[in-house]
Amino acid sequence: MTALSFGAIDLADGARANSLRGAEEWLHQPVGERTPTDFTATSLGGWDEMLPTIDACRVPRGNGFEEWGDHGEAWNRRWAGDGGSHAVEVDGMTLRRRIHHDSTGARLDYSLTSDEVRPVQWAAHPQFIWTPGTIIELGAAAPWRRVYPTDMTRVIEADNDPAALLDSLAGAKWWSTTPIDRIVLRRPDRTGLRVSWDAVSLPCVALWIDPGTFASAPVIAIEPALTPYDSLADAVEAGAAPTVGPGRPLSWWLHLEEIG
């Protein structure tokens, strides 16, 4: 297989990567201009970083609260860096991302530091092209929790037609309830994209399946994350939010590989 390579990373546009290409392009291409105050308004596609929440929420901080916007505050800020090393500041937190390309694929190494102790959520948000006949390979059947459009838990099989995970055109968001460390998107010709990660640092993963209601074409987002909640406030309330602070950095990695 052709080695994967990230391209078209715009640091002024939240360091979103608009291309992940090997033998084929895997990322859905954004259409239209980015709306910095509304993630879902326009220009959905590519690979974004969600920090420090996915859903907009209000989180206790000191004697008060802090407000976080929809899909966090890293996707719409200017990042610093060049080549394969990028960083963004979010209210005293620094997220660093380094991309390494090798003979098998691409590895993303992340680190997060903070000038004070605070809870945090991070999730990858790559919107992969959903072509007809694509199968999601999860490795084993297990219970997953759907949080959108309505709550439910059900066993999802090892291999899945993405359309079978939808009840409506509104899309669907599913969270793993047991640790896994990889997911494969398999095309009808048996080529695939394997996304893998360290299940100790990233103990959960979400699937966002959009039949083209929000993006300009059907997409599947594979979202390894620090905690299995879209809202950081919900993670804090459940006692499930990791913390970052002085002398207490967080780090994790992802690896992507085209397979035959």
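So, a few notes on the structure that sits alongside this text.

Scoring rules and cut-offs
Residues numbered from 1 in each chain as written. Predicted model: local features only at pLDDT ≥ 70, side-chain atom pairs only at ≥ 80, totals over all residues. Heavy atoms only, no water. Helix = DSSP H or I, 4+ residues; strand = E, 2+ residues; numbered from the N terminus. Buried < 20%, exposed > 50% of the residue type's maximum accessible area, 1.4 Å probe, protein only. Contact = heavy atoms within 4.5 Å. Lys, Arg positive; Asp, Glu negative; His and termini not counted. Charge placed at Lys NZ, Arg CZ, Asp CG, Glu CD. 1 Å grid on protein atoms, 1.4 Å probe; cavity = no way out; pocket = protein on both sides within 12 Å on 5 of 7 lines; lining within 4 Å. Points joined across faces, edges and corners; volume = space filled by probe spheres on them. Nonpolar A, V, L, I, M, F, W, Y, C, P; charged D, E, K, R; others polar. Phe/Tyr/Trp six-rings, centres within 6.5 Å; stacked < 30°, edge-to-face > 60°. Lys NZ or Arg CZ within 6 Å of the ring centre and 35° of its normal. Salt bridge = Lys/Arg side-chain N within 4 Å of Asp/Glu carboxyl O. Pairing = 2+ DSSP bridges.

Attention now moves to the overall build of the protein chain. Scanning the protein chain for helices and strands turns up one helix and 22 strands. Its C-alpha atoms put the protein chain at 55 × 40 × 35 Å along the principal axes. Counting all 260 residues of the protein chain, 50% fall into the buried class. Considering only intrachain contacts with a sequence separation of at least 6, the fraction spanning at least 24 residues in the protein chain is 61%. A distance of 3 Å separates the average location of the 22 positive side-chain charges in the protein chain from that of its 36 negative side-chain charges.

Let's shift gears to the layout of surface pockets. In this structure, the largest pocket occupies an estimated 420 Å³ of space. As for the largest pocket, its lining consists of 22 residues, and the residues nearest its centre are Asp55, His71, Lys173, Trp208 and Asp230. If you list the elements that add at least two residues to the lining of the largest pocket, you get β11 (123-129), β13 (142-148) and β16 (172-176). Residue contributions to the lining of the largest pocket peak at three residues, all from β13. Of the residues that constitute the lining of the largest pocket, the class distribution is ten nonpolar, five polar and seven charged.

For the rest of this paragraph, the subject is the packing of aromatic side chains. Inspection of the entire model under this criterion finds eight aromatic pairs. Judged by centre distance (4.9 Å) and plane angle (50 degrees), the ring pair of tyrosine 110 and tryptophan 122 falls under tilted. Note that tyrosine 110 is positioned in strand β9 (residues 105-114) and tryptophan 122 in the loop between β10 (118-119) and β11, a separation of twelve residues in sequence. The buried category is assigned to tyrosine 110, whose relative accessible area is 3%. For tryptophan 122, a relative accessible area of 0% translates into the label buried. The interplanar angle of 15 degrees and the centroid separation of 5.5 Å between the aromatic rings of tyrosine 110 and tryptophan 252 together place this pair among those described as stacked. Of this pair, tyrosine 110 sits in strand β9 while tryptophan 252 sits in strand β22 (residues 250-259), and the two are 142 residues apart along the sequence. For the pair tyrosine 110 and tryptophan 252, a shared accessibility class is recorded, and that class is buried. An aromatic cluster of at least three residues, connected via ring pairs, comprises Phe6, Trp47 and Phe128. Here the basic side chain of arginine 58 rests over the ring of phenylalanine 65, its NZ or CZ set 3.9 Å away from the ring centre.

Now for the pattern of salt bridges. Within the structure shown, the criterion is met by 19 salt bridges. A salt bridge links arginine 97 to glutamate 49; the shortest N-O distance between them is 2.8 Å. Here arginine 97, found in strand β8 (residues 93-101), pairs with glutamate 49, found in strand β3 (residues 47-50); they are 48 residues apart in sequence, far enough to count as distant. For the pair formed by arginine 97 and glutamate 49, the shared burial category is buried. Salt bridges sharing partners connect three or more residues here, namely Arg61, Glu66, Asp91, Glu116 and Arg118.

The next point concerns the sheet that holds β9. Taking strand neighbours across the sheet as the criterion, the nine strands line up as β6-β7-β8-β9-β22-β18-β17-β12-β15 in an open arrangement whose pairing is antiparallel. The sheet is open, and its two borders are formed by β6 (80-82) and β15 (159-160), each paired with just one other strand. As paired elements, strand β12 (residues 135-137) and strand β17 (residues 182-186) share three bridges and run antiparallel to each other. Opposite isoleucine 136, over in β17, you have leucine 185 as the bridge partner.

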